[in-house]
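Structural description and commentary
Letter by letter, the chains look like this.
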There are 2 protein chains.
Amino acid sequence: MSTSKRARTDYHHGDLAGAVLQTAGKVLEEQGVEGLRMRDLARRAQVSHNAPYRHFPERESLLAALAAEGFAMLGRAQQAARTAGDLRAMGEAYVAFALAHPQRFRLMFGGTVRIARHPALREVATRVFDGLAGALEREVRSTGARDASVAAWALVHGLAQLLLEDKISAAARGGRDELAFARDVLSAIRFVIRPGAPGTPQAD
Amino acid sequence: MSTSKRARTDYHHGDLAGAVLQTAGKVLEEQGVEGLRMRDLARRAQVSHNAPYRHFPERESLLAALAAEGFAMLGRAQQAARTAGDLRAMGEAYVAFALAHPQRFRLMFGGTVRIARHPALREVATRVFDGLAGALEREVRSTGARDASVAAWALVHGLAQLLLEDKISAAARGGRDELAFARDVLSAIRFVIRPGAPGTPQAD
DNA sequence: CGGGCAATGTAGTCAATGTCAACATCGAAG
DNA sequence: CTTCGATGTTGACATTGACTACATTGCCCG
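Residues numbered from 1 in each chain as written. Chains lettered and ligands numbered in written order. Predicted model: local features only at pLDDT ≥ 70, side-chain atom pairs only at ≥ 80, totals over all residues. Heavy atoms only, no water.

Tallying secondary structure elements over chain A gives nine helices and one strand in all. Counting only residues that meet the buried cut, chain A has 47% of its 204 residues in that class. Partitioning the contacts of chain A with sequence separation of at least 6, the portion at a separation of at least 24 is 67%. A total accessible area of about 10,400 Å² is found for chain A, and carbon and sulfur atoms account for 50% of it. (Helix = DSSP H or I, 4+ residues; strand = E, 2+ residues; numbered from the N terminus. Buried < 20%, exposed > 50% of the residue type's maximum accessible area, 1.4 Å probe, protein only. Contact = heavy atoms within 4.5 Å. Areas by Shrake-Rupley, 256 points an atom, 1.4 Å probe, with all protein chains shown as cover.)

Shown next, in the form of structure tokens:
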């Protein structure tokens, strides 16, 4: 798998952007964001230290691309879970994604990438979330359930984060492995929409 | 406030550790973790570029100290809310803390500090969380409510995180300011312990 | 009271890194 | 065939975290 797509001269790489993004993904999952060095990626692609900058004008551009990829993955996982099961399945899929790609998840939500500066990223992210919120609201079919759906999402997201950062004491986990624990936690409560809930305040 | 405590010679600073930690806190809140440079802190303390290393052997030690400070603050906020109100007050205080100190919160939960390498930090963090969980369980007084209390915490934590990272669409927020929105979201659901919940699986 | 020691601060150095500017090479379009 | 835009290369620079060796200080103990 050495010179896979190196079709042309070998002055031009053929698909540097793709190659860099791919190995960046690997490095990310292995070493975390801090371990991502532009020059290292150049080395791995057998290319001069500055070549990657043709495709990612600054380091953060690369991070943004990686985060965008992550949101795309998360979106697909959610879709799959949604067609295959109910709300709880979607929640479990969310947590499962975070546990399967911890560093990617951190990159997506850690605030390292200033999202405002990366419209493409912003767009993927909001699309995924809008889809998610839509599915939630539809499941919970009830007017004024928008706030409740945010709560559901927050619950799942927070659980993922706390598990990732190892903030839940062993005592609370009680020996269960992470995914089983998550399942139990999500099952431990019933989500009841409050009657007088504000929902969407200004009716449109 | 220039040479506040510079009691001694002015070769020795008097309280470099404290000074560095303090200005590091300011820089953190203004510029985020990435903006924290050891050498810059040295400059601000009017001290050689290496002096801070006497107190924080590596950059991450400083970050750990800052995070520890953060957990202490959070702990106090939780205590205050707990004596002053109910569960919901504690939840709101949690979110309020995150919104008031976004960068600090990110540092505490962003996975930048490898917590395993900083026992002191680990200890403060777990103490705060154990206190939190304890309070929750006591409030929800019910056997097998441990998982439910984790859920409550996850909900609040996730909500804080999503607000911080600006991941909640304007449509969902519906014009409410962040804190009011958080309040509404937390009020939108009722937390009902599930009858057949596993709780602590292996009874001890 | 005085000497020495541990704590604290300084000076100098090094390898990495992100980023910029100027130049080289290539493929394709006219 | 020429020219041009895209892609890669070379070289340079400032900054940073970290290491080592050395200086200064205050304080403890005899």
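Turning next to the protein's contact with DNA strand C. Taken together, 25 residues surround DNA strand C, and among them R39(A), N50(A), S48(B), N50(B) and H55(B) come closest. Taking the atoms of DNA strand C that fall within 4 Å of the protein, sugar and phosphate contribute 52% of them. H49(B) is positioned such that a nitrogen or oxygen atom in its side chain is 3.1 Å from a base oxygen of DNA strand C. One nitrogen or oxygen atom from the side chain of R54(B) is found 2.9 Å from a base oxygen belonging to DNA strand C. Looking at the surface near DNA strand C, the element that brings in the most residues is helix α2 (residues 38-44) of chain A, giving three residues. Residues that form the surface near DNA strand C fall into these classes: eight nonpolar, nine polar and eight charged. (Near = heavy atom within 4 Å. Polar contact = N/O pair within 3.5 Å; in protein donor to acceptor, adjacent residues only side chain to side chain. Nonpolar A, V, L, I, M, F, W, Y, C, P; charged D, E, K, R; others polar.)

What follows concerns unusual backbone geometry. The phi angle of most residues is negative, glycine excepted, and most peptide bonds adopt the trans form. Unusually for a residue other than glycine, Q46(B) sits at a positive phi of about 55°. Its location among the elements puts Q46(B) in the loop between α2 (38-44) and α3 (59-84).

So, on to the interface of chain A and chain B. Contacts between chain A and chain B engage 52 residues on the former and 51 residues on the latter. For the pair chain A and chain B, the two sides together bury roughly 4,300 Å², of which 62% comes from carbon and sulfur. Applying the counting rule to chain A against chain B returns four salt bridges. Residues R176(A) and D147(B) are paired through a salt bridge, measuring 2.8 Å at the closest nitrogen-oxygen approach. (Buried area = accessible area lost by both parts, 1.4 Å probe. Salt bridge = Lys/Arg side-chain N within 4 Å of Asp/Glu carboxyl O.)

Take the protein's contact with DNA strand D next. Neighbouring residues of DNA strand D: 26 residues in total, closest S48(A), N50(A), H55(A), R39(B) and N50(B). Counting only the atoms of DNA strand D that lie within 4 Å of the protein, the sugar and phosphate share comes to 53%. Between R37(B) and DNA strand D, the recorded distance is 3.3 Å, taken from a side-chain N or O atom to a phosphate oxygen. Here a base nitrogen of DNA strand D sits 2.5 Å away from a polar atom, N or O, in the side chain of R39(B). The element contributing the most residues to the surface near DNA strand D is α2(B), with three residues. Residue composition of the surface near DNA strand D, grouped by class: eight nonpolar, nine polar and nine charged.

A separate point is the packing of aromatic side chains. Going through the model one piece at a time under the given rule, you end up with 12 aromatic pairs over all chains. An angle of 75° between the planes, with centres 5.7 Å apart, marks the rings of F71(B) and F109(B) as edge-to-face. Within this pair, whereas F71(B) is found in helix α3, its partner F109(B) is found in helix α5 (residues 102-109), the two being separated by 38 residues in sequence. Residue classification places F109(B) among the buried positions, given a relative accessible area of 1%. Between F129(B) and W153(B), the aromatic rings sit 4.6 Å apart at their centres with planes inclined by 40°, giving tilted as the arrangement. Residue F129(B) is found in helix α6 (residues 119-139), and its partner W153(B) is found in helix α7 (residues 146-164); the two are separated by 24 residues along the sequence. The residues F129(B) and W153(B) share a single accessibility class, namely buried. The structure contains a cluster of three or more aromatic residues connected by ring pairs, namely F71(A), Y94(A), F105(A), F109(A), F129(A) and W153(A). (Phe/Tyr/Trp six-rings, centres within 6.5 Å; stacked < 30°, edge-to-face > 60°.)

For the α-helix, the turn length of 3.6 residues means that residues three or four positions removed from each other point alike. All names here are of chain A. A rise of 1.5 Å per residue sets the reference length of helix α7 (residues 146-164), with its 19 residues, at 27 Å; its end C-alpha atoms lie 27 Å apart and thus fit the reference within 8%. Counting buried positions along α7 gives 18 out of 19 residues, so the element sits mostly inside the fold. Downstream of α7 by one or two residues, D166 has phi in the positive range, about 60°. (Expected span 1.5 Å × (residues − 1).)

Take the relation of the copies chain A and chain B next. In the superposition of chain A on chain B (RMSD 0.0 Å, axial shift 0.0 Å), the rotation amounts to 180°. Given the turn and translation reported, the copies of this chain are related as if by a two-fold rotation axis. Taken together, the interface assignments show that 98% of the residues at the interface of chain A recur at the interface of chain B, consistent with an identical surface on both copies. (Least-squares fit on C-alpha atoms with pLDDT ≥ 70 in both.)

Positionally, K167(A) belongs in the loop between α7 and α8 (170-173). For the buried K167(A), no salt bridge is present, and the opposite-charge side chain at shortest range is E165(A), 5.0 Å distant. Contacts of K167(A), omitting those with residues within four sequence positions, involve L162(A), F71(B), M108(B), F109(B), I115(B), F129(B) and W153(B). (Lys, Arg positive; Asp, Glu negative; His and termini not counted.)

Quick look at the packing of helix α4 (residues 87-100) of chain A against helix α5 (residues 102-109) of chain A now. Residues and elements named next belong to chain A. Relative orientation of the contacting elements α4 and α5 amounts to 105°, with a least axis distance of 5 Å. With respect to their mutual orientation, α4 and α5 come out roughly perpendicular. Between α4 and α5, the residues in contact are Y94, F97, A98, L99 and A100 and P102, F105, M108 and F109, respectively. For the contact of α4 with α5, the residue count by class is nine nonpolar, no polar and no charged. (Axes fitted to C-alpha atoms, helices over the stretch in contact; angles between N-to-C directions. Parallel < 35°, antiparallel > 145°, perpendicular 65-115°, else oblique.)

Function cannot be inferred from these measures alone, as they are strictly geometric.
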